[in-house]
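Listed below are the residues making up each chain.
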Amino acid sequence: MSKPTDMKFLIVDDFSTMRRIVRGLLKESGYVNAEEAEDGAVALNMLKNGKFDFVVSDINMPNMNGFELLKAIKADDALKHLPVLMVTAEAKKEDIVLAAQSGAAGYIVKPFTKATLEEKVEKIMQKLAAAA
């Protein structure tokens, strides 16, 4: 696997400000390669036509929400290896359970800090490296 800083992230959120914040936090953590999508439908199209290593997705979005995107990623043989970190404003227990059951690699609640995001991404990477 390539050096983590070479990894390409896809940030999925219907709010451009939130995408910018996540992108900024990733950049501060040394992950400079990121693209953005405003909903799950756009994200899925980008994932099918590009090469990404990691998805950070909001849950509540129009057109295709984060759970629908997660299910589509996990149902696609070419994409199912991708780690998906779910981001949401609501820390509902059923959402956390559903995210885990649907194959999400992790879950964070907004607002979050650079340290939280960095820690989650690194934990997920360690898990992936151990499984590889």
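Details of the structure are given in the entry above.
Conventions and cut-offs
- Residues numbered from 1 in each chain as written.
- Predicted model: local features only at pLDDT ≥ 70, side-chain atom pairs only at ≥ 80, totals over all residues.
- Heavy atoms only, no water.
- Helix = DSSP H or I, 4+ residues; strand = E, 2+ residues; numbered from the N terminus.
- Rg over C-alpha atoms; globule rule 2.2 N^0.38 Å.
- Buried < 20%, exposed > 50% of the residue type's maximum accessible area, 1.4 Å probe, protein only.
- Contact = heavy atoms within 4.5 Å.
- Areas by Shrake-Rupley, 256 points an atom, 1.4 Å probe, with all protein chains shown as cover.
- Lys, Arg positive; Asp, Glu negative; His and termini not counted.
- Charge placed at Lys NZ, Arg CZ, Asp CG, Glu CD.
- Salt bridge = Lys/Arg side-chain N within 4 Å of Asp/Glu carboxyl O.
- Pairing = 2+ DSSP bridges.
- Right-handed = clockwise from strand over helix to strand, strands pointing away.
- Phe/Tyr/Trp six-rings, centres within 6.5 Å; stacked < 30°, edge-to-face > 60°.
- Lys NZ or Arg CZ within 6 Å of the ring centre and 35° of its normal.
- Expected span 1.5 Å × (residues − 1).
- Arc of directions from axis to C-beta.
- Core = buried A, V, L, I, M, F, W, Y, C linked by side-chain atoms within 4.5 Å.

**Concerning the overall build of the protein chain**
Turning to step 1, where the next piece is worked out: When helices and strands are tallied, the protein chain shows five helices and five strands.
Turning to step 2, where the next piece is worked out: When its helices and strands are written in sequence order, the protein chain yields β-α-β-α-β-α-β-α-β-α.
Turning to step 3, where the next piece is worked out: Relative to the globule expectation of 14 Å for 132 residues, the C-alpha radius of gyration of the protein chain, 13 Å, shows essentially globular dimensions.
Turning to step 4, where the next piece is worked out: In terms of principal-axis extent, the alpha carbons of the protein chain reach across some 35 × 35 × 25 Å.
Turning to step 5, where the next piece is worked out: Per-residue burial over the protein chain gives 44% buried out of 132 residues.
Turning to step 6, where the next piece is worked out: The long-range fraction of contacts in the protein chain, counting pairs at least 24 apart against all pairs at least 6 apart in sequence, stands at 62%.
Turning to step 7, where the next piece is worked out: Accessible area for the protein chain stands at about 6,800 Å²; split by element, carbon and sulfur atoms hold 55% of it.
Turning to step 8, where the next piece is worked out: Across the protein chain, the centroid of the 18 positively charged side chains sits 3 Å from that of the 19 negatively charged ones.

**A look at the pattern of salt bridges**
Turning to step 1, where the next piece is worked out: If you walk through the whole model with that rule in mind, you get eleven salt bridges.
Turning to step 2, where the next piece is worked out: A salt bridge links Asp-13 to Lys-110; the nearest nitrogen and oxygen atoms lie 3.3 Å apart. Of this pair, Asp-13 sits in the loop between strand S1 (8-12) and helix H1 (16-28) while Lys-110 sits in the loop between strand S5 (106-109) and helix H5 (114-131), placing them 97 residues apart in sequence.
Turning to step 3, where the next piece is worked out: You can call Asp-13 buried: its relative accessible area is 3%.

**What about the pairing of strand S4 (residues 84-88)?**
Here is the key point about a regular strand: its side chains alternate between the two faces of the sheet.
Turning to step 1, where the next piece is worked out: Most of S4 sits out of view: five of its five residues are buried.
Turning to step 2, where the next piece is worked out: Residues Val-84, Met-86 and Thr-88 point to one face of S4 and Leu-85 and Val-87 to the other, with burial holding for every one of them.
Turning to step 3, where the next piece is worked out: As paired strands, strand S3 (residues 54-58) and S4 are joined by four bridges and run parallel to one another. Opposite Val-56, over in S4, you have Leu-85 as the bridge partner.
Turning to step 4, where the next piece is worked out: The parallel pair S3 and S4 is bridged by helix H3 (residues 66-75), and the resulting crossover is right-handed.

**What to know about the packing of aromatic side chains**
Turning to step 1, where the next piece is worked out: Counting across every chain of the model gives two aromatic pairs.
Turning to step 2, where the next piece is worked out: Measuring from centroid to centroid gives 4.9 Å for Phe-9 and Phe-54, while their planes differ by 35 degrees, and the two rings are tilted. Within this pair, whereas Phe-9 is found in strand S1, its partner Phe-54 is found in strand S3, the two being separated by 45 residues in sequence. For the pair Phe-9 and Phe-54, a shared accessibility class is recorded, and that class is buried.
Turning to step 3, where the next piece is worked out: Through a chain of ring-to-ring contacts, three or more aromatic side chains come together here, namely Phe-9, Tyr-31 and Phe-54.
Turning to step 4, where the next piece is worked out: Over the aromatic face of Phe-52 sits the side chain of Lys-8, whose NZ or CZ is 4.7 Å from the ring centroid.

**Quick notes on H1**
Helical geometry: 3.6 residues make up each α-helical turn, so side chains three or four residues apart lie on a common side.
Turning to step 1, where the next piece is worked out: The terminal C-alpha atoms of H1 lie 18 Å apart, and with 13 residues this matches the ideal 18 Å at 1.5 Å per residue to within 8%.
Turning to step 2, where the next piece is worked out: Taken together, the buried positions of H1 are occupied by Met-18, Arg-19, Val-22, Leu-25 and Leu-26. Projected onto a plane normal to the axis of H1, the buried residues spread over an arc of 130 degrees and lie on a single side. Across from the buried face of H1, at angles greater than 90 degrees, the exposed residues are Arg-20, Lys-27 and Glu-28.
Turning to step 3, where the next piece is worked out: If you follow the buried residues of H1, they end up packed against S1, strand S2 (33-37), S3 and H5.

**So, the nonpolar core**
Turning to step 1, where the next piece is worked out: Judged by nonpolar contacts, the single largest core of 23 residues is most densely connected at Leu-10, Val-12, Leu-47, Val-55, Leu-69, Ile-73 and Met-86.
Turning to step 2, where the next piece is worked out: Put simply, the parts of the chain that give this core at least two residues each are S1, helix H2 (40-49), H3 and S4.
Turning to step 3, where the next piece is worked out: With near-sequence residues (within four places) excluded, Leu-69 lies in contact with Val-12, Gly-40, Ala-43, Leu-44, Leu-47, Ser-57 and Met-64.

The analysis is restricted to geometry; functional conclusions fall outside its scope.
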